[in-house]
Amino acid sequence: MEFKDYYKILGVDPTADAKEIKLAYRRLARKYHPDMNSEKGAEDKFKEVAEAYEVLKNDQRRAKFDEIRKYGGRKDKGFEPPPGWQKQGQSGSQYNEHMSGDFSDFFNSIFGGQGRSSRANGNQQAQRGQDAEIELPVFLEETISDTQKSIEYMLPVYENGQRKDVKKQLKVTIPQGVIDGERIRLKGQGHVSQFGGKTGDLYLHIRVVPHPIFDVQGHNLVLALPLAPWEAALGTKVTIPTLEGKISVSVPPKTQAGKTLRLKGKGLKGRKSKEGCITGDLLAIIKIVMPSEINEEQKNLWQALAVKGAFDPRAEWGAKK
Amino acid sequence: MSQTHISISSTELSIVTGVETEVIVKLVEYGIVEPLNGDQVEVWEFETSSVHWIQKALRLRKDLEIDWLAVSMVIELMQQKEALEKQNAAFQRQLSRFTK
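Criteria and cut-off values
- Sequence order sets the numbering: in each chain, residues are counted from 1 along the sequence as written.
- Here the convention is simple: chains get letters from A, ligands get numbers from 1, in the order in which they are written.
- Totals for whole chains, interfaces and linings use all residues, but because this is a predicted model, local features are given only for residues with pLDDT of at least 70 and pairs of side-chain atoms are given and counted only at 80 or more.
- At least two DSSP bridges between two strands are required for those strands to pair.
- The helix and strand labels rest on DSSP assignments: H or I over at least four residues marks a helix, E over at least two residues marks a strand, and numbering proceeds from the N terminus.
- Here a helix's expected span is defined as the number of its residues, less one, multiplied by 1.5 Å.
- Three exposure classes are used, all based on how many other C-beta atoms lie within 10 Å of a residue's own C-beta (placed from the backbone): buried at 20 or more, exposed at 12 or fewer, and partly exposed between those limits.
- C-beta atoms are first placed from the backbone for all residues, and any pair lying within 7 Å is then listed as a contact.
- Gly is put with the polar residues, along with every residue not named as nonpolar or charged; the nonpolar set is Ala, Val, Leu, Ile, Met, Phe, Trp, Tyr, Cys and Pro, and the charged set is Asp, Glu, Lys and Arg.
- To form a nonpolar core, buried Ala, Val, Leu, Ile, Met, Phe, Trp, Tyr and Cys residues must be joined through C-beta atoms within 7 Å.

### What about the pairing of strand S7 (residues 220–227) of chain A?
All names here are of chain A.
Logical step 1: Pairing between strand S6 (residues 214–217) and S7: 4 bridges, direction antiparallel. Each bridged residue has a counterpart across the sheet, and for phenylalanine 214 the counterpart in S7 is leucine 223.
Logical step 2: Between S6 and S7, which pair antiparallel and follow one another directly, the connecting turn spans 2 residues, one of which, glycine 218, has a positive phi of 60°.
Logical step 3: Looking at chain direction, S7 and strand S11 (residues 282–288) are connected through 7 bridges and run parallel. In the sheet register, alanine 224 faces S11, and the bridge partner there is isoleucine 285.

Okay, here's the thing in structure tokens:
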């Protein structure tokens, strides 16, 4: 077992007073807290720091640790509890649950591993199993109706005290109208409680996969509609893709780039409710595209247009030719 | 087929997050979570993501030793940041469709 020097972890002197210890903890907690720092390793670092603080902020535990430190610090070959050492009794209430409560073996060997034991909460008979969360990629097409999906995730199973990760499969219905970032709850599909409590839940964190053609704005879909310059000038009829098949749309003459054509009811669908469901629109934004190749004949046609066009697209700038 | 839930009652929220109903009320008062309906605690329903935010709030309060007001500000800023990052990514994607 590895000896942990909690003073070193917090970067304080063994003679540091409670105020210095608190300050050192706060600095490190702010830096490494997994809710603030998503970098790899930050969570482990934070756990270490939290464990060190859990011990050093409490006079009794600190005194016990100081004693152990004298003994453990002299040894090079890892830490063994001193002979005849007694784990601290079950005075659980002074140990609060910390985050997921998983302290190191070193901590547990000294303080009896009841860092997670007590919750002051009376409405729970036994501690629930942990919740699990997985990211679930969902295609835009799958959000416009209830969709059945098979999901797979890993859950730890304990056999004879050994932890083993086992693959679990479920069939679920993803309700119409789910949005990116939403969480769907599946009761009792999380971790099994090791303390005889209820099984935890599973959360599906919805990730809507970016679509090759459409972008999402609330319930609306946005589509870039490419037109040739002459189509924009003369007007045309185009076939536009939607999530539910193709539709034909008229583009009026003299259509500017950036203009939006709103196709009512061709967007995303909201959640089903008694009042029905909200349906968004499809917004087709005009984009004018030049052909990449121009032959001699076409060049002459553009030339004629340039002469007869009498059009200054930069008139707004007030620049005179 | 496993049953999916997209909302959660205040009673259940209290069970899965391990806090008393009074704490849930406090979290609502500070705007950390928001019920989808009504004034009465007994009938409150929340988005299931509320579980995630309450767990985060409890962690922040305990681990950083900050009060509820500070927690609510941190949560609010985290949610804003998340929304802005999402919006920014969407705009970047949309912009690329017009510049390529």
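### Quick notes on helix H4 (residues 68–99) of chain B
Logical step 1: If you check H4(B), its first and last C-alpha atoms are 46 Å apart, about what 32 residues at 1.5 Å a residue would give, namely 46 Å.
Logical step 2: Burial within H4(B) is sparse, with just 3 of its 32 residues counted as buried.

### Things to note about the interface of chain B and chain A
Logical step 1: Tallying the contact residues gives 26 residues for chain B and 33 residues for chain A.
Logical step 2: Only helix H1 (10–17), helix H3 (49–63) and H4 of chain B provide two or more residues apiece to the side of chain B that touches chain A.
Logical step 3: Split into classes, the residues belonging to the side of chain B that touches chain A amount to 9 nonpolar, 9 polar and 8 charged.

### Comments concerning the nonpolar core
Logical step 1: Residues Tyr6(A), Leu10(A), Tyr25(A), Val49(A), Ala52(A), Tyr53(A) and Leu56(A) are the most contacted members of the largest nonpolar core, which totals 23 residues.
Logical step 2: Counting only elements with at least two residues in this core, the list comes to helix H1 (6–10), helix H2 (18–32), helix H3 (42–56), helix H4 (59–72) and helix H5 (105–111) of chain A.
Logical step 3: The element that contributes the greatest number of residues to this core is H3(A), accounting for 7 residues.
Logical step 4: Every residue in contact with Tyr53(A), bar those within four places of it in the chain, is listed here: Leu10(A) and Tyr25(A).
Logical step 5: Within the second largest apolar cluster, 17 residues are counted, among which are Leu13(B), Leu27(B), Val33(B) and Ile75(B).

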